[in-house]
Amino acid sequence: MFPNDSKVDDMSFIINCSINKDRLESNVEDLIYHNVSVVESRIVAANSPDLSPIIGVIFAVLVYVYMEVDIEKLRVYTKLENVSKNKTLGRISVLSLLIFTSPNVILLILLALIHKLLCFFIILKRDKNFVAFLDGFDVFWSLEDKDSRSVINVLGLIETISAEILAEKIKRKLKTVISNRSCEKLFYTRREKFGWFYWSNNPKVDLDEYVKVLNVGSDKQFLSKEDLECVMTELSHQPLPLDDEGLFQIFVTKETLEEKVTNKENHVIIFRIHHSVGDGVALIEFLCQALADTVANDQSTINISRSNYNTPSNLLDKVKEIFSAPICFVDGILRKPDEHSLHGPSLLGEKLFTWTDPDEDLFQMIKDIKQHKGLYFSDVLATSLSSGLRNYFSKTMDHIPEDVAVILPIRSPNLVRPRTNNEITFNNNFMVTIIDLPTKEKRPINEISRRYNLIRKSVDPMVNHYFLKVCYLLPHQILRPIFKSSQATLTFSNMPGPESLSICGGNLIKSLVFFIPNKGSTGLGISALYYGGVLRFAAMADANIVPSTEHLSIILNAMEDEIRQMHSLYVKH
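Residues numbered from 1 in each chain as written. Predicted model: local features only at pLDDT ≥ 70, side-chain atom pairs only at ≥ 80, totals over all residues. Heavy atoms only, no water.

1. Considering the overall build of the protein chain
The helix and strand inventory of the protein chain stands at 17 helices and 17 strands. Considering the protein chain as a whole, with its 573 residues, one finds that 57% of them fall into the buried category. Intrachain contacts of the protein chain at a sequence separation of at least 6 include 82% that bridge at least 24 residues. With an accessible surface of roughly 24900 Å², the protein chain has 52% of that area assigned to carbon and sulfur atoms. (Helix = DSSP H or I, 4+ residues; strand = E, 2+ residues; numbered from the N terminus. Buried < 20%, exposed > 50% of the residue type's maximum accessible area, 1.4 Å probe, protein only. Contact = heavy atoms within 4.5 Å. Areas by Shrake-Rupley, 256 points an atom, 1.4 Å probe, with all protein chains shown as cover.)

2. Overview of the packing of helix α12 (residues 362–373) against helix α17 (residues 549–570)
Viewed as axis vectors pointing N to C, α12 and α17 meet at an angle of 45°, and their least axial separation amounts to 9 Å. Here α17 runs oblique to α12, going by the angle between their axes. Here α12 runs over α17; the crossing is left-handed. Residues Leu 362, Met 365, Ile 366, Asp 368, Ile 369, His 372 and Lys 373 of α12 touch α17, and the partners they reach there are Glu 560, Ile 563, Arg 564, Met 566, His 567 and Tyr 570. Counted by class, the contact of α12 with α17 contains seven nonpolar, two polar and four charged residues. (Axes fitted to C-alpha atoms, helices over the stretch in contact; angles between N-to-C directions. Parallel < 35°, antiparallel > 145°, perpendicular 65-115°, else oblique. Left-handed = near helix turned anticlockwise from the far one by under 90°. Nonpolar A, V, L, I, M, F, W, Y, C, P; charged D, E, K, R; others polar.)

3. What about the packing of helix α7 (residues 163–178) against helix α10 (residues 280–291)?
Packing of α7 against α10 leaves a shortest axis separation of 10 Å and a crossing angle of 100°. Classified by the angle between their axes, α7 and α10 sit roughly perpendicular to one another. Between α7, through Lys 173, Leu 174 and Val 177, and α10, the contact on the second element is made entirely by Phe 286, Ala 290 and Leu 291. Classifying every residue of the contact of α7 with α10 gives five nonpolar, no polar and one charged.

4. Let's talk about the sheet that holds strand β1 (residues 130–133)
Consider a sheet: its strands pair through backbone hydrogen bonds, and that pairing is either parallel or antiparallel. Ordered by their spatial adjacency, three strands build an open sheet running β1-β4-β3, and the pairing between neighbours is antiparallel. Each edge of the sheet is formed by a strand with only one pairing partner; in this case those strands are β1 and β3 (189–193). Strand after strand, the sheet turns through a mean of 35° between neighbouring axes, direction not considered. (Pairing = 2+ DSSP bridges.)

5. Some points on the environment of Thr 489
Considering the arrangement of structural elements, one finds Thr 489 in the loop between α16 (476–482) and β13 (490–496). Classification of Thr 489 as buried rests on a relative accessible area of 0%. Thr 489 sits 34 residues away from Gly 523 along the chain, and the two C-alpha atoms are 7.2 Å apart. Of the polar contacts made by the side chain of Thr 489, one reaches the side chain of His 340; its length is 2.9 Å. (Polar contact = N/O pair within 3.5 Å; in protein donor to acceptor, adjacent residues only side chain to side chain.)

6. What to know about the pattern of salt bridges
Applying the stated criterion across every chain, the model contains 18 salt bridges. Glu 562 is the partner of Arg 443 in a salt bridge, and the nearest nitrogen-oxygen pair spans 2.7 Å. Of this pair, Arg 443 sits in the loop between β12 (431–438) and α14 (445–457) while Glu 562 sits in helix α17, and the two are 119 residues apart along the sequence. Glu 562 carries the same exposure label as Arg 443, and that label is buried. A single network of salt bridges, built from pairs that share partners, joins Asp 359, Glu 560, Asp 561 and Arg 564. (Salt bridge = Lys/Arg side-chain N within 4 Å of Asp/Glu carboxyl O.)

7. Regarding the environment of Leu 375
Note on placement: Leu 375 falls in the loop between α12 and α13 (377–396). Note on Leu 375: relative accessible area 11%, which makes it buried. Filtering out sequence-adjacent residues up to four positions away, Leu 375 remains in contact with Lys 370, Val 380, Ile 445 and Ser 449.

8. As for the side chain of Ser 236
With respect to the element layout, Ser 236 can be found in helix α9 (residues 225–237). The exposure class assigned to Ser 236 is buried, which follows from its relative accessible area of 14%. Only 2.5 Å separates the side chain of Ser 236 from the backbone oxygen of Thr 233, close enough to count as a polar contact. Those residues in contact with Ser 236 that sit more than four places away from it in its chain are Arg 149, Arg 272, Lys 351 and Phe 353.

9. Considering the nonpolar core
Ile 170, Leu 174, Phe 286 and Phe 483 are the most contacted members of the largest nonpolar core, which has 68 residues in total. Counting 50 residues, the second-largest nonpolar core is a separate cluster that includes Leu 385, Phe 492, Phe 537 and Tyr 570. (Core = buried A, V, L, I, M, F, W, Y, C linked by side-chain atoms within 4.5 Å.)

10. Here's the deal with the sheet that holds β13
Across the sheet, six strands lie side by side as β10-β17-β16-β13-β11-β12; this open sheet has mixed pairing. Here the strands that pair on one side only, and so sit at the sheet edges, are β10 (351–355) and β12. Taking the axes of each pair of neighbouring strands and ignoring which way they run, one obtains an average angle of 20° across the sheet. In this sheet, β12 lies alongside strand β11 (residues 403–410) in antiparallel orientation, the contact comprising eight bridges. Residue pairing in the sheet places Ile 407 in a bridge with Ile 434 of β12. Along the sheet, α14 makes contact with β11 and β12, crossing β12 at roughly 155°.

11. Quick word on the pairing of strand β2 (residues 151–160)
One face of the sheet, then the other: side chains in a regular strand alternate in exactly this way. Judged by how many residues are buried, β2 sits mostly within the fold: ten of ten residues are covered. Covered by surrounding structure in β2 are Val 151, Asn 153, Leu 155, Leu 157 and Glu 159 together with Ile 152, Val 154, Gly 156, Ile 158 and Thr 160, the residues of both alternating faces. Pairing of β2 with strand β8 (residues 265–274) involves ten bridges; the strand directions are antiparallel. When the bridges of β8 are listed, Asn 153 appears paired with Arg 272.

12. Points about the packing of aromatic side chains
Summed over all chains, the structure comprises 16 aromatic pairs. Between Phe 140 and Trp 141 the ring centres are 5.2 Å apart and the planes differ by 80°, which places this aromatic pair in the edge-to-face class. Measuring from ring centre to ring centre gives 5.9 Å for Tyr 392 and Phe 393, while their planes differ by 70°; the resulting arrangement is edge-to-face. Across the pair, Phe 393 and Tyr 392 agree in class, each one buried. Put simply, the rings of Phe 120, Phe 121, Phe 130, Phe 133, Trp 196 and Tyr 198 touch in pairs and so form one group of aromatic residues. Here Lys 116 stacks its cationic end above the ring of Phe 133, 4.9 Å away from the centre of that ring. A cation sits over an aromatic face here: Lys 373 above Tyr 570, 4.6 Å from the ring centre. (Phe/Tyr/Trp six-rings, centres within 6.5 Å; stacked < 30°, edge-to-face > 60°. Lys NZ or Arg CZ within 6 Å of the ring centre and 35° of its normal.)

Dropping the structure here:
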């Protein structure tokens, strides 16, 4: 359930409504049009992975198989631009359509599984290195647009003797990683045949393809931040190794930064890893366990609290959650896409990058605000983001939108498989939800906290988690339009990093920032990474969304300013 939606606790109200037949049929036509135009990743089975594939594919077949209609024709047929005014009728209409098509959907699932089984034997015969088909989350991140790769970018400043020596040390370290069974996935190649993505083992790993010294070619003696922004933009155009079938790449810049240390130079290290390998947490674990000499961790992160269903009262709450799951799914269908300058234009594929300078006080300020106001860490961060967006709109638009939809990827501890010994787990094990951030009001911290609390009590994140698992059931030709992100303006991710990280024999990583890949028409990603006692913000956006990195800096700088102002207001008053 989304924060702005009223929670339906009494399901009998919906079931027992008396509805005029003509009115219902009219609303069904309205919803068919809106479904096609706003489809996004959702789920309908709460806490029951056995049910999620069937109902997820019901939605897929309804919209893209059995409702093969042109959007513009639907616009003429309905002569309506808005969703049904009666929300209850809208929910009933969509649920009725899903139930009505369920027999055909079950048949389609069986046919799809038979097709996949036949493809398995054909691919196995043609590719002797076949390992397995990608699972749901890995498939989701393989549903890429033509000009956009789902690559996580990590940028760091590292102390080393020279770029060439560091690159050779990383290669030697990776040679030992290749033999680690828990890291096999990292060296797979990602291939596609007959609409199905699968992993193929790479019997001859050439580490020169994966680790390179990058000659920026600048006439300057030292690299500036502007130089690095251009480097990141240029790298975003380049394919990953092995004709883009490889999964990661590491660059070390030959040039140095202006800062100098006693007997070492400050170079830049860049990690590029495809999101199908794993999420940001998996990448940090890889850095900490596979490449690191020593590491000290801090586990500050965003967690959604989940109840333990042990008592009869909690069991009743769980039943309510199960019944509310379809309503969460339907409300997601009815959600209108954001309409403003940061969302709507088609993406070009050219990426712009920027990040904030280190501020050692920022993390402590947020902790102080959190303690004095009795809030969560995420409440304070979201308030700063709201301020950043409001500042951006006030400087670039005639009006400020009421709300901005923000995608929140969340890794729940309940979904993480426990590790044994030094095992590294490469997976995409996350939940996702959308929060509407108010942007017109100045410092709406209480309202944001209220909306976050609704999400924490809602099944919506878990619903979306299981819906993403249906990706393995259908070929990508059907999945791509279904899972095209079209409603939210941006993705916002907060991730903890280690206190310190030294890799490959004493090369200290002094700072880190990471960038979230774009998805669908969501062309802006903002991240917050805590590393080495410092919290830093970073942003990556499509060039058709913002014209320059200076525009991105408007958002990030305003976020920092808002945290300082809140600290002065709530802590130092």
